[in-house]
Structures are given as structure tokens and as C-alpha cells.
Amino acid sequence: MSLLLKFELVQQLKCTSPLLQFQRYRGKINIQRPRQPHYERAKMLAVTAPRYPEPPKTTTCFEKRTRQIQENPYNDIIAREVHNWLLNSKMVAIFHLNSIKSDDFFEARVMLHKQNMQLKMYGQKIVKKAVEGTRFEAILPLFESQPCIVFSPEAKVSQLLKITRKIPQMILMAGIVDDTLLSRSEFMEYAQLPGLQSAQAELVHTLNMAASTLVQNLEAHQKNFVNVLDVYAKGESEGSPESKQEASGVTNQKD
């Protein structure tokens, strides 16, 4: 063959598409759990796996320690609001709030608002800012979970308990009445006490009774002495003159 023929054959072979060989597999290929590669291939994959440099741990720890937490000024405003509520309220009740629907919670707020009471919810950080360093700091452990607070300018303890009986999701934990921290049992006992006017009337009656009994004890001996003299005088006046003569005759005979 001449060189020209050989060159043309080589060019034709280059232009033709490569031969395709199809191979059938009995089972399906599991993409999620592929089978393990051959031992030689596994070694090659392990050797050729890329390795990325790890960041130095000292730098990350140092950055975390020196990172400054930016405080939101809005939290300071809400904390001042909570402090003002505590100062200007004669009755403060702290409840633990279980899971409740938004509609039920809204109805509770409406019922309390009709009695001039306000139902509020605040986070632990805000309450800590509001009461830290004040006389209300003792209520801070009550805000570990999800609490809610009821503020009232008047001490309407009995009315508050009547309303909260209809809301089983609100569980009373403690309260503040007249600048005094009360537990749950003390708060319930306070509700059973009479009103201020009836208590004042009872106190006045007790003081008057003490004064009257003192006067009676001081005048008891004098009254008894006067009664004895009165009885003795009446006995002499009721005696007749004949009885007096008989009494005088009996005395003469004895003499």
C-alpha cells in the first residue's frame, strides 16, 4: 500500500465515533447506600482526599471571650415601665402561665381590664433589670419559667381570685399587697378578710368595749357598797314600832 492510502485510512478512523459497549446489571444501583469500593480504590480515595487547614482554637476562644454583647435600649425602656408598674400598684399578682390559646388569653385580659387590672407578660432579663437592687428583688426567682403579672391600683384580691378561677391555665404563685410580699396561701387568706370599713368599725367597737369594761371594774366596789347600804336602810325603815318595843323589852329582861 502506498503512503497515501495509509494516510486516508488513518483519517477515516479518527473521524468515526468510538465503539459503545453496553453492560447490563442484575440489581438496581442504590444511590443512598452505595456499596463499598474495592480495597485498592478505597486506598486511592483516602490518599487523594482533600485536607483543609483547621482554624486555630486559641483565636476562636479568644474572640468568643472578648465579644461584647450589644444591649438593646428598648429593653431598658420596658424595664423602667415594669418598675413604674410595681411602684404605682397596690396589688401585684404573679401567675405561672401554662399553654393557653390566644383567644382565651385575650378574654382573660378583657375580664381583668373591666376591673381596672392590667395583665402583662415580661421576660426574665427585663424583670431582672427592673427589680435588681430594689425592694422588689425577692420576686426574681419566680420568673424562671413563663410567668404573667397582674397589676392593680386597688387591692381587689377577692375579685381577682374570682376571675382567675375561670382560667385554669393561670396558676397563682405569689403576690404583693400594700408593699408586702405574700405567698399563695397568705394571698388566699387575705381575700377572706373583711373590708377596710368593717375592720375599722370592729376595731372601734373593741376599743370601746375595753374602755367600758375598765370603767365597770373600777366602779364595781363602789356600786356594791351603795347597794348594801341601800338594802340596810330599807330594812330599818320597814321595821314597825311594836317590833322595836318588843325588841327593847327583851333586852330589859336580859338585863
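What this report covers is the structure whose coordinates are included nearby. In this text, all values refer to a predicted model and were calculated from it rather than measured experimentally. (Residues numbered from 1 in each chain as written. Predicted model: local features only at pLDDT ≥ 70, side-chain atom pairs only at ≥ 80, totals over all residues. Heavy atoms only, no water.)

### Quick notes on the sheet that holds strand β4 (residues 170–177)
Taken in spatial order, the five strands make up an open sheet running β2-β3-β1-β4-β5, and their pairing is antiparallel. Each edge of the open sheet is held by one strand with a lone partner, namely β2 (118–120) and β5 (180–183). Neighbour-to-neighbour, the strand axes of the sheet open up by a mean angle of 25°, direction not taken into account. (Pairing = 2+ DSSP bridges. Helix = DSSP H or I, 4+ residues; strand = E, 2+ residues; numbered from the N terminus. Axes fitted to C-alpha atoms, helices over the stretch in contact; angles between N-to-C directions.)

### Structural notes on unusual backbone geometry
Phi is positive for N116, close to 60°, though the residue is something other than glycine. Mapped onto the elements, N116 comes out in the loop between α5 (102–114) and β2. Here D178, not a glycine, exhibits a phi torsion of approximately 55°, which is positive. Mapped onto the elements, D178 comes out in the loop between β4 and β5.

### Examining the nonpolar core
Core analysis: the biggest nonpolar cluster contains 21 residues, and F95, L119, V150, L160, M170 and F187 have the highest contact counts within it. Apart from the residues within four sequence positions on either side, F187 is in contact with M91, A93, V157, L160, L161, L172, G175, V177 and L182. In terms of nonpolar packing, the next biggest core, distinct from the first, is built from 18 residues, A79, L86, I126 and F151 among them. (Core = buried A, V, L, I, M, F, W, Y, C linked by side-chain atoms within 4.5 Å. Buried < 20%, exposed > 50% of the residue type's maximum accessible area, 1.4 Å probe, protein only. Contact = heavy atoms within 4.5 Å.)

### Quick notes on the packing of helix α7 (residues 157–164) against helix α8 (residues 184–191)
Contact pair α7 / α8: the axes reach a minimum separation of 8 Å and the direction vectors enclose 115°. For the element pair α7 / α8, the angle class is roughly perpendicular. When the axes of α7 and α8 are compared, the crossing they make is left-handed. Of the residues in α8, those touching α7 at V157, S158, L160 and L161 are F187, M188, Y190 and A191. Looking at the contact of α7 with α8, its residues break down into seven nonpolar, one polar and no charged. (Parallel < 35°, antiparallel > 145°, perpendicular 65-115°, else oblique. Left-handed = near helix turned anticlockwise from the far one by under 90°. Nonpolar A, V, L, I, M, F, W, Y, C, P; charged D, E, K, R; others polar.)

### Quick look at the side chain of S152
Looking at the element boundaries, S152 is found in strand β3 (residues 147–152). Within the structure, S152 has its side chain in polar contact with the backbone oxygen of E154 (distance 2.7 Å). Here S152 is in contact with S89, K90, M91, N116 and M117, once residues within four sequence places are set aside. (Polar contact = N/O pair within 3.5 Å; in protein donor to acceptor, adjacent residues only side chain to side chain.)

### Digging into the pattern of salt bridges
Applying the stated criterion to the full structure yields six salt bridges. Two residues, K43 and E40, come together in a salt bridge whose shortest N-O distance is 3.7 Å. Linking K43 with E40, this pair stays in helix α2 (residues 39–48), spanning three residues, or about one helical turn. According to the relative accessible area criterion, K43 is partly exposed, its value standing at 38%. For E40, a relative accessible area of 46% corresponds to the partly exposed category. Put simply, K234 and D230 hold a salt bridge, and the shortest N to O gap is 3.9 Å. Taken together, the residues span about one helical turn, with K234 and D230 both in helix α9 (residues 196–238) at a distance of four residues. (Salt bridge = Lys/Arg side-chain N within 4 Å of Asp/Glu carboxyl O.)

### Here's the deal with the packing of helix α4 (residues 73–88) against helix α6 (residues 124–131)
Two elements in contact, α4 and α6, have axes whose closest approach is 8 Å; the angle formed by their N-to-C orientations is 60°. In terms of orientation, α4 lies oblique with respect to α6. Both α4 and α6 take part in a crossing whose hand is right-handed. When α4 is examined against α6, the residues N75, D76, I78, A79, V82, H83 and L86 are found in contact with a partner set consisting of I126, K129, A130 and V131. For the contact of α4 with α6, the per-class residue count stands at seven nonpolar, two polar and two charged.

### Section: α5
Between its first and last C-alpha atoms α5 spans 19 Å; for 13 residues at 1.5 Å apiece the expected length is 18 Å, and the two agree. Listed as buried for α5 are F105, A108 and L112. Seen along its axis, α5 keeps its buried residues to an arc of 55°; they face one direction. Among the exposed residues of α5, those oriented more than 90 degrees off its buried face are S102, D103, F106, H113 and K114. Phi turns positive, to about 60°, at N116, one or two residues after α5. (Expected span 1.5 Å × (residues − 1). Arc of directions from axis to C-beta.)

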